[in-house]
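One letter stands for each residue in the lines below.
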Amino acid sequence: DISSWFTRASEVSVPSFRLEYAVDVALEMVKRCYPTRNLQLTRSISEIELPGSVLSGMVSVMFFAFDNIMRHCGSNCNNPEARIRCEVTGEELKILISNNLYEVESIDLPQEKLAMLLKEIRQATMPDKVRREGGTGLLKMAKTIRIDLHSQLEMAFGISGVQCFDLELRIKGGRIAL
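Quick caveat: nothing in here was measured; it's all calculated off a predicted structure.

The rules we used
In every chain, residue numbers begin from 1 and rise along the written sequence. A pLDDT threshold of at least 70 governs which residues receive local features in this predicted model, and a stricter bar of 80 or more applies before side-chain atom pairs are shown or counted, although totals over entire chains, interfaces and linings include all residues. Computation of side-chain values: all heavy atoms of the structure, hydrogens and water removed. A run of H or I in DSSP becomes a helix once it reaches four residues, and a run of E becomes a strand once it reaches two; helices and strands are each numbered from the N terminus. Think of it in three bands: with a 1.4 Å probe and only protein chains considered, a residue is buried below 20% of the maximum accessible area for its type, exposed above 50%, and partly exposed in between. By the convention used here, residues are in contact when the closest approach between their heavy atoms is within 4.5 Å. The protein chains shown are the only cover counted for residues, whose accessible areas, like all others here, come from Shrake-Rupley with a 1.4 Å probe. Pairing between strands is defined by DSSP: at least two bridges between them are needed. In this description, a line fitted to the C-alpha atoms serves as the axis of each element, helices being fitted only across the stretch in contact, and the angle between N-to-C directions of two axes falls anywhere from 0 to 180 degrees. Definition of nonpolar core: a set of buried residues of the types Ala, Val, Leu, Ile, Met, Phe, Trp, Tyr and Cys, connected through side-chain atoms within 4.5 Å.

Student: Give a detailed account of the overall build of the protein, specifying residues and quantitative values.
Tutor: A count of helical and extended segments in the protein gives four helices and seven strands. Starting at the N terminus and ending at the C terminus, the protein contains elements arranged as β-α-β-β-α-β-β-α-α-β-β. Each of the 178 residues in the protein was classed as buried or not, and the buried ones make up 42%. Once local pairs closer than 6 in sequence are excluded, the contacts in the protein between residues at least 24 apart make up 68%. Split by element, the accessible area of the protein, about 10,200 Å² in all, is 49% carbon and sulfur.

Student: Help me get a handle on the sheet that holds strand β7 (residues 164-172), residues and values and all.
Tutor: Strand order in the open sheet formed by five strands is β2-β4-β5-β7-β6, and the pairing between neighbours is mixed. Two strands in the sheet have a free side with no partner beyond their single neighbour: β2 (40-45) and β6 (152-160). Here the average twist between neighbouring strands, direction ignored, is 10°. The pairing of strand β4 (residues 81-89) with strand β5 (residues 92-100) spans eight bridges and is classified as antiparallel. Among the inter-strand pairings, Val-88 is bridged to a residue of β5, identified as Leu-93. Packing of helix α2 (residues 55-72) onto the sheet brings it into contact with β2, β4, β5 and β7, and relative to β5 it is tilted by some 20°. Strands in contact with helix α4 (residues 138-148) are β6 and β7; relative to β6, the strand with the most contacts, it is inclined by about 160°.

Student: So what's going on with the environment of Gln-40? Residues and values would help.
Tutor: Looking at the element boundaries, Gln-40 is found in strand β2. Distance from Gln-40 to Glu-81, taken between C-alpha atoms, is 4.7 Å for residues 41 residues apart in sequence. When near neighbours in sequence (up to four residues on either side) are disregarded, Gln-40 contacts Asn-79, Pro-80, Glu-81 and Ala-82.

Student: An account of the environment of Ser-53 is needed here, citing residue identities and associated values.
Tutor: Along the chain, Ser-53 falls in the loop between β3 (49-50) and α2. Expressed as a C-alpha distance, the spacing of Ser-53 and Arg-175, which sit 122 residues apart in the sequence, is 7.4 Å. The contact partners of Ser-53, leaving out residues within four places of it in the chain, are Val-14 and Arg-175.

Student: Lay out the nonpolar core with the relevant residues and their values.
Tutor: In this structure, Met-58 and Phe-66 are the most contacted members of the largest nonpolar core, which totals 51 residues. For this core, the leading source of residues is α2, giving eleven residues. Dropping the residues within four chain positions of it, Met-58 is found in contact with Phe-17, Leu-19, Ala-22, Leu-50, Leu-93, Ile-95, Leu-149 and Ile-176.

If you want it as structure tokens, here you go:
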């Protein structure tokens, strides 16, 4: 019987995992997408245990962030530098990702675009815009957290300091049971 060859996703039980594992998987995916580049990631990740049912979603969130770094760091940057810090405060998972920008021609233009994007994310008007947003992955990230993980999201991002992009995610509730 052919049906015995397959298992429904709802029948597969994934054990709980440490958040750092999702970071490792996403980094490996990025390495395969950008074989001539190497993301230099400095980590500060608390020992955070998450339910197995959110593994795919958390890998996606991390991949979108790391892919964004690789896409926008600049064409002459083979080893972009980034930092990630993850911690739990009460029932909230806080993820901070910061990366250096190597080719920022004008800080003002990206800031305007980022401000508009952040406004759309905060208004939760994004589902139809995800396909045509244009490559930051931030809308996909928000959609994954809100829809796939059924979680609440507070997101902040922007260019800070001297050519540095900062992303802050505060996730709670839903399938992220802390």
